[in-house]
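# Survey of secondary and tertiary structure
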Amino acid sequence: MMSRPWKIGRNEPCSCGSGKKFKKCCLPKVKPMEANSAKPQIMASKDGTVWKEAPAEVHAKAMKMFEQKSRKEAERVARFGQIRPQISLLTPEGYRLMVVRGKLYYSATWKFFSDFLNDYVPQVLGVEWWKSEMAKPEAERHPVVIWRSQGIAYMNAQPAQADGTKVALPCGALAAFTCFAYDLYVVDDNGGLDDEFLQRLKNRQLFQGARHELFAEATCYRAGFSVEHENEKDGSTRHAEFTVRHAPTGQLLSVEAKSRHRAGVLAMPGMPEEKPQLRLTTLINDAAAKNPKHPLVIFVDTNLPFKWAERVLARQAGNELSRPIRALLDKIKKRPDGADPYCMIVFSNHPHHYAVRDLDPQQHLLSVLAKKPTVHILSLQSLFGAAGLYGNIPMGLSSEEGDPPPPAVPVMWPKIRYDLQIAGTDVSILRKGKDIGKKFLTTDKDRPEAPSRLHEFLEDVGLSRVDAYAICEAIEEGKSLAGVYALK
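All of the points below concern the structure found in this document.

Definitions and limits used
- Residues numbered from 1 in each chain as written.
- Predicted model: local features only at pLDDT ≥ 70, side-chain atom pairs only at ≥ 80, totals over all residues.
- Heavy atoms only, no water.
- Helix = DSSP H or I, 4+ residues; strand = E, 2+ residues; numbered from the N terminus.
- Contact = heavy atoms within 4.5 Å.
- Areas by Shrake-Rupley, 256 points an atom, 1.4 Å probe, with all protein chains shown as cover.
- Salt bridge = Lys/Arg side-chain N within 4 Å of Asp/Glu carboxyl O.
- Buried < 20%, exposed > 50% of the residue type's maximum accessible area, 1.4 Å probe, protein only.
- Pairing = 2+ DSSP bridges.
- Axes fitted to C-alpha atoms, helices over the stretch in contact; angles between N-to-C directions.
- Right-handed = clockwise from strand over helix to strand, strands pointing away.
- Expected span 1.5 Å × (residues − 1).
- Core = buried A, V, L, I, M, F, W, Y, C linked by side-chain atoms within 4.5 Å.
- Parallel < 35°, antiparallel > 145°, perpendicular 65-115°, else oblique.
- Left-handed = near helix turned anticlockwise from the far one by under 90°.
- Arc of directions from axis to C-beta.
- Phe/Tyr/Trp six-rings, centres within 6.5 Å; stacked < 30°, edge-to-face > 60°.

## Let's talk about the overall build of the chain
- Helix and strand counts for the chain come out as 13 helices and 15 strands.
- Excluding contacts between residues fewer than 6 apart, the proportion of contacts in the chain whose partners are at least 24 apart in sequence is 61%.
- As displayed, the chain has an accessible area near 25200 Å², and 54% of this comes from carbon and sulfur atoms.

## So, the pattern of salt bridges
- If you walk through the whole model with that rule in mind, you get 23 salt bridges.
- Glu256 is the salt-bridge partner of Lys258, the closest N and O atoms lying 3.6 Å from each other. The same class applies to Lys258 as to Glu256, namely buried.
- Three or more residues joined by partner-sharing salt bridges are found here, namely Lys307, Arg311, Glu456, Glu459 and Asp460.

## Quick notes on the sheet that holds strand E4 (residues 96–100)
- Ordered by their spatial adjacency, three strands build an open sheet running E3-E4-E5, and the pairing between neighbours is antiparallel. Looking along the sheet, the strands with just one partner apiece sit at the ends: strand E3 (87–90) and strand E5 (103–107). Shown here is a sheet whose adjacent strand axes are inclined to one another by a mean of 20 degrees, direction ignored.
- Pairing of E3 with E4, which is carried by four bridges, proceeds in the antiparallel orientation. Across the sheet, the residue bridging to Ser88 is Met98, located in E4.

## Focus on the pairing of strand E9 (residues 296–301)
- Among the six residues that make up E9, six are buried, leaving the element largely enclosed by the rest of the structure.
- Here E9 shows no split at all, with Leu296, Ile298 and Val300 on one side and Val297, Phe299 and Asp301 on the other all buried.
- In this structure, strand E8 (residues 252–259) lies alongside E9, joined through six bridges in parallel fashion. When the bridges of E9 are listed, Ser259 appears paired with Asp301.
- Traced from E8 through helix H8 (residues 281–289) to E9, the parallel crossover comes out right-handed.
- Where E9 lies against strand E10 (residues 344–349), five bridges are found, and the strand directions are parallel. The residue of E10 that forms the bridge with Phe299 is Val346.

## Description of the sheet that holds strand E15 (residues 481–486)
- An order of E14-E13-E12-E15 is seen for the four strands of this open sheet, with the pairing classed as antiparallel. Edge positions in the sheet fall to strand E14 (434–441) and E15, since each has one partner strand and no second. Neighbouring strand axes in the sheet, compared pairwise and without regard to direction, differ in orientation by 30 degrees on average.
- In terms of strand pairing, strand E12 (residues 416–423) meets strand E13 (residues 426–431) through six bridges, oriented antiparallel. Pairing of Ile422 across the sheet is with Val427, part of E13.
- Of the strands in this sheet, E12, E13 and E14 touch helix H12 (residues 453–460), which is tilted by about 140 degrees from E14.

## As for helix H7 (residues 207–222)
- Between the first and last C-alpha of H7 there are 22 Å, a value that for 16 residues agrees with the 22 Å anticipated at 1.5 Å per step.
- By the criterion of burial, H7 is predominantly enclosed, with 15 of the 16 residues buried.
- Taken from the residues just after H7, Gly224 is the one with a positive phi, measuring 90 degrees.

## Quick notes on the nonpolar core
- Counting residues in hydrophobic clusters, the biggest one holds 68 residues, and the most contacted among them are Phe116, Tyr120 and Val121.
- In contact with Phe116, not counting residues within four places along its chain, are Met98, Val100, Tyr105, Trp110, Tyr185 and Leu397.

## Some thoughts on the packing of H12 against helix H13 (residues 465–476)
- Look at H12 against H13: their axes get within 9 Å of each other, and the N-to-C directions meet at 140 degrees. Regarding the angle of H12 to H13, the classification is oblique. In the packing of H12 onto H13, the handedness of the crossing is right-handed. For the pair H12 and H13, the contacting residues are Leu454, His455, Leu458 and Glu459 in the first and Arg465, Ala468, Tyr469, Ile471, Cys472 and Ile475 in the second.

## So, unusual backbone geometry
- One non-glycine residue, Asn291, adopts positive backbone phi at about 50 degrees.
- Note that Asn291 resides in the loop between H8 and E9.
- On the basis of relative accessibility, which here comes to 66%, the residue Asn291 falls in the exposed class.
- Even without being glycine, Lys432 reaches a positive phi, approximately 55 degrees.
- Here Lys432 shows up in the loop between E13 and E14.

## Examining the pairing of E13
- Where E12 folds back onto E13 in an antiparallel hairpin, the turn is made up of two residues, including Gly424, whose phi is positive at roughly 70 degrees.
- In the sheet, E13 pairs with E14 via five bridges, with the strands oriented antiparallel. By the bridge assignment, Asp426 is partnered in E14 with Leu441.

## Observations concerning H8
- Among all positions in H8, only Thr281, Ile284, Asn285, Ala287 and Ala288 are buried. One face of H8 carries all of its buried residues, which in axial projection span an arc of 155 degrees. Away from its buried face, by an angle of more than 90 degrees, H8 presents the exposed residues Thr282 and Ala289.
- Where the residues of H8 are buried, they touch E8, E9, helix H10 (323–331) and E10.

## Focus: the packing of aromatic side chains
- For the structure shown, the criterion picks out 18 aromatic pairs.
- Ring centres 5.7 Å apart and planes at 70 degrees place the aromatic pair Tyr95 and Tyr106 in the edge-to-face group. In this pair, Tyr95 sits in the loop between E3 and E4 while Tyr106 sits in strand E5, placing the two residues 11 residues apart along the sequence.
- With relative accessibility at 37%, the residue Tyr95 sits in the partly exposed group.
- Overall, the relative accessible area of 54% leaves Tyr106 in the exposed class.
- Centroid distance Phe113 to Tyr185: 5.3 Å. Interplanar angle 80 degrees. Geometry classified as edge-to-face.

See the structure below:
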């Protein structure tokens, strides 16, 4: 499949962890050499025995090349974190070689990094295992196998560009597979994957927890940490997921990764909840109860559909935490001395799997620090900033060659017209001029902590939370609305 990476055209977060759009001004500055500063010597020799200072024009050209290389490396780190650069080359015969921690992969068909990831995952998880999963009915297949198949089908359905490649905003399945594949690559290339962990990833029932642990470990590498897994076979004590050391500060941290399982989601049995509950207290208290050796960082996957994560994880007016998060933090058990049992909790929500055939939903990220953290704050800032790099995936197949220029990505505009008509206290909705058969009431008040049924419907068809509130406010005042456009 000749496809561009799904990340094209999306806002990338700044590496400083502010959550703002990625800007080049946030990159580490490479200062030009000042006129009065000492210039490094660049020596030249024709025979290897007699050396002298290189001519001025050679010196100037060399310094420009060094500065460009330094700038390019700073941009790479800002976008992808403190991970190893890709090791790749193109042979004269047209084969693309990729080296991942001592293993060599090659193909004549890879044009973009996403092409490599499509082939890389089945190889790492096992070709025979992959074939056996593909032979099963789709409902019984492993989530990663489903995502890859649906992502390929989605891209194949897109119109080809002049050069034969295909471009599209990502659907949830494509984003889920590509993000998983890149996290797998990052951990494999920077630390390695052991067989026990791979077996957990391949088990449908254990996959969700292992996937979140993979995200946490990839985040640590992106943040400039080294990772050491604890000996789980030592039954004399409970263990955190792994211990990490921050290279710039030397700070040691214990890391736990917890993921909220939900009925009917990610191979879990049962029917999905209409209004999923947060219920994360037990997971966090269980992580803290392990009493790890070092200050504890807990990565928590809330596993919520986008609209529910927006209410829980998004900052409220005045940059305040939401009521559910405040209530959750109050329930977390304190240490005997009254201190928080963690130094930081990183709440994340990557809801790709809730919209496998629709456009990929927005992600959420929220960090909460202990009231009196006793660790080097730079190490925590690095972790949170790196967590925001999730989903930043290279397009090009070589760090040296650089990413190809991004193509124009189609912009999705709302196309479906809805009209909201009021008769007394009843509210009817027409979609493209036809009544959808659902009735709402003007007396059903819409509140930030308790959205109305109409608000839920409006978000489900693709309107933002802010727009849904504004429409509900007008409906409550008895105003009919014509020409409301949504995505679906």
